[in-house]
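What follows is each chain in one-letter form.
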Amino acid sequence: MKRQLVFVCLCLCVVISSAAKQFTLVLDPGHGGTDPGAVGTNAKEKDLNLKVALLVGEKISERCPDVKIIYTRKTDKTVPLKDRPMIANKANGDLFVSIHTNSSDSRIPCGTETYVIGLAKIGTNFEVAKRENSVILLEKDRESYHGFDPNSPESYIMFEFMQDQYMEQSLQMADFIQQNFSKKTDRTDRGVRQDLFWVLHQTKMPSVLVEMGFVSNASDQTYMLSKQGQEAIAESIVCAFEQYKHEFDKKNGLKFKQDALPQKQISAEETDSGKPVFKLQLFVSKEVLPENHASLKGEKNLSYYEENGLIKYTIGETTSFKEIKNLKKELDKKFSDSFIIAFLNGEKISVKEALSLLK
Ligand SMILES: [Zn+2]
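Residues numbered from 1 in each chain as written. Predicted model: local features only at pLDDT ≥ 70, side-chain atom pairs only at ≥ 80, totals over all residues. Heavy atoms only, no water.

Glancing now at the overall build of the protein chain. When helices and strands are tallied, the protein chain shows 10 helices and 11 strands. Counting every position in the protein chain, which comprises 359 residues, the buried fraction comes to 49%. Excluding contacts between residues fewer than 6 apart, the proportion of contacts in the protein chain whose partners are at least 24 apart in sequence is 80%. Of the roughly 17500 Å² of accessible surface on the protein chain, a fraction of 53% belongs to carbon and sulfur atoms. (Helix = DSSP H or I, 4+ residues; strand = E, 2+ residues; numbered from the N terminus. Buried < 20%, exposed > 50% of the residue type's maximum accessible area, 1.4 Å probe, protein only. Contact = heavy atoms within 4.5 Å. Areas by Shrake-Rupley, 256 points an atom, 1.4 Å probe, with all protein chains shown as cover.)

Put into structure tokens, the structure is as follows:
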């Protein structure tokens, strides 16, 4: 039997305080100072990243004066990787945009790509994350990274308990950026990708990492060094931000209008259990789908909940993390973008928090 579970969680006090708060954008020009990042024949990554990030900030402060902009660096100085998410978290940022330049051993690869945190799809290149994470090896204070070694595959186990509550917004921003790159630059669109970046893992807000072109490719390098190229790249990121901010404002406005709805509708087993419940989120839809809809891929026991005006489809419901992990493994081929989420007494909480409650 199909059991549909709908619950609407409204935390008005949170909404009111977040509506009153100024939107904070954190711009993170990658590398800097003693860390040049990728080096091309005529350009260093750290300089290109800074130029474009400053241009992005300038345009946004002109066009969106209500937005507060925080930079992780505004000059050519060394900023340890761990400090970047820390600066963002301390500023209580609403969006984190890290700006980087790509590089390859071959001179052929070219084009733009935008990353969100996540397991890389088979066939994609782990090298980008490895290279961007490897600046940790240059730092003196390695202890703050809890033994994380960017070159050791085992180290990436720590990413298993990934914060997932920002995934959709991160993906949305990444999508907007790539769409604008396609429209406003003549660079190859390498699309939205997922990989395990330290800097994205540590931020407590929607976060993306832009690789705006390959310094190892002659045409990309010339483009990124040119005024016109920098202008087009920055303009793309700014337009993507404006689209993102528009959606953000719309959602917050919508929440206000919903205050007439009941506070919560949750299933009996989730009330008062005091134990976190794990589910597997499969996909998101703008509306409730008919039972035979292709997106359901023939699965019968799906549930859904509503969040930020979106319908989020889930499967499974268990207090055992092991069980939900097994279910994820089982369904990984069918729903490759699925991820584990957690609830406590009907309220969504982070998986990390849920696991700490189990201890
Ligand atoms: Zn970089």
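So, on to the coordination of the zinc ion. For the zinc ion, the full set of protein donor atoms is H31 (NE2), E45 (OE), H100 (ND1), E132 (OE) and E132 (OE), and the range of their distances to it is 2.0 to 2.4 Å. For the zinc ion, the single-chain donor residues occur in sequence as H-x13-E-x54-H-x31-E. Placement of the pair is H31 in the loop between β1 (24-29) and α2 (45-63) and E45 in helix α2, with a sequence separation of 14 residues. As far as burial versus exposure is concerned, H31 and E45 are alike and both buried. (Donors = N, O, S within 2.8 Å, 3.2 Å for Na, K, Ca; no water.)

Bringing the sheet that holds strand β9 (residues 310-318) into the picture now. The sheet built from 5 strands is open, its strands ordered β8-β9-β7-β10-β11 with antiparallel pairing. Two strands lie at the open edges of the sheet, namely β8 (302-307) and β11 (347-349), each paired on one side alone. Sheet twist, expressed as the mean angle between neighbouring strand axes with direction ignored, is 45°. Where helix α10 (residues 351-358) meets the sheet, it contacts β7 (277-285), β10 (339-344) and β11, and its direction lies at approximately 60° from that of β10. (Pairing = 2+ DSSP bridges. Axes fitted to C-alpha atoms, helices over the stretch in contact; angles between N-to-C directions.)

Right, let's get into the nonpolar core. Core analysis: the biggest nonpolar cluster contains 65 residues, and L25, V56, I60, V97, M173, I237 and F241 have the highest contact counts within it. With residues up to four places along the chain from it excluded, the contact list for V56 reads L27, I99, A234, I237 and V238. (Core = buried A, V, L, I, M, F, W, Y, C linked by side-chain atoms within 4.5 Å.)

Positionally, G33 belongs in the loop between β1 and α2. Note: C-alpha distance between G33 and D76 (43 residues apart in sequence) is 5.0 Å. In contact with G33, not counting residues within four places along its chain, are K46, D76, K77 and T78.

Within this structure, the stated rule accounts for 19 salt bridges. The salt bridge partner of R187 is D186, with a shortest N-O separation of 3.1 Å. Judged by its relative accessible area of 15%, R187 falls in the buried class. Shared partners join several salt bridges into a network, and the residues in it are K59, R63, E231, E235 and E242. (Salt bridge = Lys/Arg side-chain N within 4 Å of Asp/Glu carboxyl O.)

On to α2, then. Taking 1.5 Å of rise per residue, 19 residues should cover 27 Å, and α2 covers 27 Å from first to last C-alpha, within 8% of that figure. All buried positions along α2 are accounted for by E45, K46, L48, N49, L50, V52, A53, L55, V56, G57, K59 and I60. (Expected span 1.5 Å × (residues − 1).)

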